[in-house]
Amino acid sequence: GNCPQIKERGPKDSSWQLMRAKKKYLSDVPIIIAGVSSYSLSLVPNSSIFSKNRTVLLPIPNDIPYCNESKKEIRAKAGLPVDKKVMLWGTTSPYVLRKGRNLIDEVFKYMWELMSQEERDNTLVLNVGPVPPKPLTESQPFPVANTGYLKTREQMAMAYKMADIGFSTTTSDAGPMMVSESLRNECPLVSFDRSVAVNMIKNGETGYIVKNLDTKEMAHRALELLRSPNLEDMSKKCPLAVQEYHNFDSVTSKWKNVLDEFIT
């Protein structure tokens, strides 16, 4: 009701009229809001039109590629050091604010301050996707290796497999797919609680969920992962979380139940 592109505000505002019309004509329709993640469904109560509608969690039944080669084999092929800790961050849209480009800078800076010199010397960032308008090399202290845009899902799987840990800094997303792809390829994640990560990550087992976009907390949790003597065991647990959440039979069964309601 307050669209900045429309000069006339109030009851005659076109966007306000459209919202009122939708409320009127959709109020008696038995609409079910299907969300692919708990986070996306958590936004429904804020909707001006659909806040009272029933919601159902219906994940995407994904067959996510898995890289069978070891971290050492993949790193050797890519020219990455096999004996260093590799932290992955990336997006196909680094210029989009909600992807958290500015937030990951804060995280890396906090981590640098908390690390010993030996840890600093043995840690690097793997930046997946297009290089941001302001490259990570210019905004945070860690050395950076860039993959550029990766054209296939198989190439993405290899990138995730190379990393020891990953970050999801999205501030609002029904996915993103990188969460599922990362965990599928044995890369534990530290993620904000604004994505599908809340459905798959168990704190201390497959990564960490960070609330309130707290970049200091994210830095502490990432260091906890990197320093953990059980990091390799944690990595091995990650694929199972994805397989359970995106399980084809489970998801299609949920869809069948919803569709049967309409049919009967």
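Further up the page is the structure itself.
Residues numbered from 1 in each chain as written. Predicted model: local features only at pLDDT ≥ 70, side-chain atom pairs only at ≥ 80, totals over all residues. Heavy atoms only, no water.

**Some thoughts on the overall build of the protein**
Right, so step 1: Of regular secondary structure, the protein possesses eleven helices and eight strands.
Right, so step 2: Taken along the three principal axes of its C-alpha coordinates, the protein extends 65 × 45 × 30 Å.
Right, so step 3: The 264 residues of the protein split such that 44% are buried.
Right, so step 4: Nonlocal contacts in the protein, meaning residues at least 24 apart in sequence, comprise 60% of its contacts between residues at least 6 apart.
Right, so step 5: On the protein, roughly 14200 Å² of surface is accessible, and the fraction owed to carbon and sulfur atoms is 52%. (Helix = DSSP H or I, 4+ residues; strand = E, 2+ residues; numbered from the N terminus. Buried < 20%, exposed > 50% of the residue type's maximum accessible area, 1.4 Å probe, protein only. Contact = heavy atoms within 4.5 Å. Areas by Shrake-Rupley, 256 points an atom, 1.4 Å probe, with all protein chains shown as cover.)

**Regarding the packing of aromatic side chains**
Right, so step 1: Taken as a whole, this structure holds three aromatic pairs when the rule is applied.
Right, so step 2: A ring pair is formed by Phe108 and Phe142, whose centres lie 5.9 Å apart and whose planes are at 75°; its orientation type is edge-to-face. Residue Phe108 is located in helix H4 (residues 101-114), and its partner Phe142 is located in the loop between strand E4 (123-128) and strand E5 (144-148); the two are separated by 34 residues in the primary sequence. Judged on exposure class, the residue Phe108 and its partner Phe142 are both buried. (Phe/Tyr/Trp six-rings, centres within 6.5 Å; stacked < 30°, edge-to-face > 60°.)

**Some thoughts on a nonpolar patch on the surface**
Right, so step 1: A contiguous nonpolar patch, built from Trp255, Leu259, Phe262 and Ile263 and spanning about 450 Å² of accessible area, is present on the exposed surface.
Right, so step 2: For Ile263, a relative accessible area of 70% translates into the label exposed. (Patch = residues over 30% accessible without salt bridge, like charges linked within 9 Å, V, L, I, M, F, W, Y side chains within 5 Å. Salt bridge = Lys/Arg side-chain N within 4 Å of Asp/Glu carboxyl O.)

**Some words on the packing of helix H7 (residues 177-184) against helix H10 (residues 231-245)**
Right, so step 1: In the contact formed by H7 and H10, the axes pass within 7 Å of each other and the chain directions differ by 130°. Between H7 and H10, the angle is such that the two are oblique. In this structure, H7 uses Ser180, Leu183 and Arg184 to contact H10, whose residues at the interface are Cys238, Pro239, Val242 and Gln243.
Right, so step 2: Taken together, the residues that form the contact of H7 with H10 break down as four nonpolar, two polar and one charged. (Axes fitted to C-alpha atoms, helices over the stretch in contact; angles between N-to-C directions. Parallel < 35°, antiparallel > 145°, perpendicular 65-115°, else oblique. Nonpolar A, V, L, I, M, F, W, Y, C, P; charged D, E, K, R; others polar.)

**Digging into the packing of helix H3 (residues 71-78) against helix H6 (residues 153-162)**
The angle between the axes and the distance between the axes are what describe a pair of packed helices.
Right, so step 1: Between H3 and H6, the least distance of the axes is 8 Å, while the angle of their chain directions is 110°. Classed by the angle they form, the pair H3 and H6 counts as roughly perpendicular. The two elements H3 and H6 cross, and the hand of that crossing is left-handed. The segment H3 lies against H6, with Lys71, Ile74, Arg75 and Ala78 engaging Met158, Tyr160, Lys161 and Met162.
Right, so step 2: Tallied by class, the residues present in the contact of H3 with H6 amount to five nonpolar, no polar and three charged. (Left-handed = near helix turned anticlockwise from the far one by under 90°.)

**A closer look at the pairing of strand E6 (residues 165-168)**
Walk down a regular strand and you will see the side chains alternate between the two sheet faces.
Right, so step 1: Where burial is concerned, the two faces of E6 agree: the one with Ile165 and Phe167 and the one with Gly166 and Ser168 are both buried.
Right, so step 2: Two strands pair when backbone bridges link them, and strand E3 (residues 85-90) and E6 are joined in this way by two bridges, in the parallel orientation. When the bridges of E6 are listed, Met87 appears paired with Ile165.
Right, so step 3: Taken together, the three bridges between E6 and strand E7 (residues 189-192) define a ladder with parallel strand orientation. (Pairing = 2+ DSSP bridges.)

**Overview of the environment of Ile33**
Right, so step 1: In this structure, Ile33 sits in strand E1 (residues 32-35).
Right, so step 2: Ignoring sequence-local partners within four residues, the contact set of Ile33 consists of Leu41, Val44, Phe50, Asn53, Arg54, Thr55 and Val56.

**Structural notes on the sheet that holds E7**
Right, so step 1: Taken in spatial order, the six strands of this open sheet run E5-E4-E3-E6-E7-E8, and their pairing is parallel. Both edges of this open sheet fall to E5 and strand E8 (207-210), since each of them pairs with a single strand only. Recorded for the sheet is a direction-independent mean angle of 20° between the axes of neighbouring strands.
Right, so step 2: Each of E3, E6 and E7 is contacted by H7, which is oriented at about 160° to E7, the strand it contacts most.

**Focus: the pattern of salt bridges**
Right, so step 1: All told, the structure shown has 13 salt bridges when counted by the stated rule.
Right, so step 2: In this structure, the salt-bridge partner of Lys77 is Glu69, at a minimum N-O distance of 2.6 Å.
Right, so step 3: Look at Lys77 and you get exposed, because its relative accessible area is 59%.
Right, so step 4: We classify Glu69 as partly exposed; its relative accessible area is 24%.

**Points about the state of the cysteines**
Right, so step 1: Counting across every chain of the model gives zero disulfides.
Right, so step 2: Of all cysteine sulfurs, the one in Cys238 lies closest to Cys187, which takes part in no disulfide; the gap is 7.4 Å. (Disulfide = S-S within 2.5 Å.)

**Things to note about the side chain of Thr91**
Right, so step 1: The topology assignment puts Thr91 in the loop between E3 and H4.
Right, so step 2: A polar contact is formed between the side chain of Thr91 and the backbone nitrogen of Ser93, at a distance of 3.0 Å.
Right, so step 3: Ignoring any residue separated from it by four or fewer positions in sequence, one finds Thr91 in contact with Lys99, Val128, Gly129 and Pro130. (Polar contact = N/O pair within 3.5 Å; in protein donor to acceptor, adjacent residues only side chain to side chain.)

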